[in-house]
Amino acid sequence: MELYLDTADVAAVKRLARSFPLAGVTTNPSIVAKGNMPLVDLLPALQDALGGKGRLFAQVLASNAEEMVAEAHTLRGIIPDIVVKVPVSAEGLAAIKLLKAEGIPTLGTAVYGAGQGLLSALAGAEYVAPYVNRVDAQGGDGIQTVTDLQRLLTLHAPGSKVLAASFKTPRQALECLLAGCEAITLPLDVAEQFIAAPAVEAAIVKFEQEWQTAFGRTGI
């Protein structure tokens with residue numbers, strides 16, 4: 001299972017990488033724009049924040065396949081082993097096929113349906129990113145979409161992985177993992193919710209108090 005952070009916050013990545021078993025960081029144009037740091041500076045900074053380990057993902061902006069491929073080359077010039085995110089449109093599928101032929105790994109993104117995701121995998125995408133919460137917001141069932149997509153990839157494109165994205169709660173992420181997803185990417189607030197349980201802190205305080213009472217110190 002691969003755990004990613006979906007962010008352009010370099011300081012937060014460095015802080016969470018200290019404790020979280022991170023496989024890397026994903027970004028998208030909106031996330032990068034909010035951070036207001038150009039990719040040529042951001043991507044190396046994220047790599048450093050990860051301790052030089054882990055995969056980075058960045059997305060093309062062009063609208064036709066040939067320009068998408070050219071932008072993929074630009075991204076690979078910044079980080080040689082970056083995974084290139086390509087929206088799964090008709091032109092995006094063409095770009096994924098071209099990049100696959102060049103041996104450049106891709107992620108099919110902006111996936112709102114299981115069939116759409118399967119096409120990107122068959123075209124050669126190493127990862128497929130269904131938007132869980134965004135599907136829900138449009139009246140669909142994000143978890144069911146992920147479940148269907150995971151089954152389709154298992155049956156017909158076992159070389160590709162579902163990398164579920166767009167979460168508002170930890171439970172959504174856990175449901176995707178229970179559905180068999182091999183990878184998820186979490187926004188910072190959702191990632192932090194996994195370990196921000198008040199009951200845990202209360203238990204730690206109680207342990208310390210009772211130990212202090214018994215032995216007159218807090219250390220072992």
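Throughout, a residue's number is its position along its own chain's written sequence, starting from 1. Predicted model: local features are reported for residues with pLDDT of at least 70 only, side-chain atom pairs are reported and counted for 80 or more only, and whole-chain, interface and lining totals are derived from all residues. Processing note: side-chain calculations cover all non-hydrogen atoms of the structure and skip hydrogens and water entirely.

Here is the rule we go by: UniProt positions are given in the numbering used here, feature names are shortened, and annotations may be inferred rather than shown by experiment.
Taking an unreviewed UniProt entry as the reference, the protein chain is identified by name as Fructose-6-phosphate aldolase 1 belonging to Pseudescherichia vulneris NBRC 102420. What UniProt records for the protein chain under Catalytic activity (unreviewed entry) is the sentence "beta-D-fructose 6-phosphate = dihydroxyacetone + D-glyceraldehyde 3-phosphate". Taken verbatim from the UniProt record of the protein chain, the Sequence similarities (unreviewed entry) comment is "Belongs to the transaldolase family. Type 3A subfamily."

## Here we look at the overall build of the protein chain
How we decide: Here a strand is any run of E in DSSP of at least two residues, a helix any run of H or I of at least four, and the numbering for each starts at the N terminus. Any residue under 20% of the maximum accessible area for its type is buried, any over 50% is exposed, and the rest in between are partly exposed; the area is computed with a 1.4 Å probe on protein chains only. The contact criterion used throughout is that any non-hydrogen atoms of two residues lie within 4.5 Å. Just so you know, the count uses Lys and Arg for positive and Asp and Glu for negative, and it drops His and the chain ends. Working definition for charges: the position is that of NZ of Lys, CZ of Arg, CG of Asp or CD of Glu.
Per the secondary structure count, the protein chain includes 11 helices and 8 strands. Taken along the three principal axes of its C-alpha coordinates, the protein chain extends 70 × 40 × 30 Å. Sorting the 220 residues of the protein chain into buried and exposed places 45% on the buried side. Pairs at least 24 apart in sequence give 55% of the contacts found in the protein chain among residues at least 6 apart. Across the protein chain, the centroid of the 17 positively charged side chains sits 5 Å from that of the 22 negatively charged ones.

## Focus on the sheet that holds strand β1 (residues 2-6)
Let me state the cut-off plainly: Should DSSP find at least two bridges between two strands, the strands are regarded as paired. Think of each axis as a best-fit line through the C-alpha atoms, taken over the contacting stretch in the case of a helix, with angles from 0 to 180 degrees between the N-to-C directions.
Spatially, 8 strands are ordered β1-β2-β3-β4-β5-β6-β7-β8 in a closed barrel, and the strand pairing comes out parallel. Pairs of neighbouring strands in the sheet enclose a mean axial angle of 25 degrees, with direction left out of account. As defined by bridge partners, strand β2 (residues 24-26) adjoins strand β3 (residues 55-59) across 3 bridges and the pair is classed as parallel. Along β3, the bridge assignment pairs Gly24 with Arg55. Seen against the sheet, helix α8 (residues 142-156) touches β6 (127-130) and β7 (161-164) and runs at an angle of roughly 160 degrees to β7.

## Thoughts on the side chain of Gln172
Basically, it comes down to this: Any pair of nitrogen or oxygen atoms within 3.5 Å is treated as a polar contact; in protein, a donor-acceptor pairing is required on top of that, and neighbouring residues in sequence qualify only through side-chain atoms on both sides.
Along the chain, Gln172 turns up in helix α9 (residues 170-178). Only 2.6 Å separates the side chain of Gln172 from the backbone nitrogen of Lys168, close enough to count as a polar contact. Those residues in contact with Gln172 that lie beyond four places of it in its chain are Val132, Asn133, Asp136, Ile143 and Phe167.

## Here's the deal with the pattern of salt bridges
Inclusion rule: Any carboxyl oxygen of Asp or Glu that lies within 4 Å of a side-chain nitrogen of Lys or Arg is treated as forming a salt bridge with it.
Under the defined criterion, the tally for this structure stands at 5 salt bridges. Across the pair Lys161 and Glu2 runs a salt bridge whose closest N-O atoms are separated by 2.5 Å. Within this pair, whereas Lys161 is found in strand β7, its partner Glu2 is found in strand β1, the two being separated by 159 residues in sequence. Classification of Lys161 by relative accessible area gives partly exposed; the value is 22%. Among the residues examined, Glu2 registers a relative accessible area of 15% and is labelled buried. Two residues, Glu175 and Arg171, come together in a salt bridge whose shortest N-O distance is 3.2 Å. Taken together, the residues span about one helical turn, with Glu175 and Arg171 both in helix α9 at a distance of 4 residues. For Glu175, a relative accessible area of 30% corresponds to the partly exposed category. Assessed through its relative accessible area of 46%, Arg171 is described here as partly exposed.

## Comments concerning the state of the cysteines
The condition is simple: Cysteine sulfurs are considered disulfide-paired once they come within 2.5 Å of each other.
Considering all chains together, one arrives at 0 disulfides under this definition. Cysteine Cys176 remains unbridged, with the sulfur of Cys181 as its closest cysteine sulfur at 4.7 Å. On the basis of relative accessible area, Cys176 is assigned to the buried category, the value being 0%. On the basis of relative accessible area, Cys181 is assigned to the buried category, the value being 5%.

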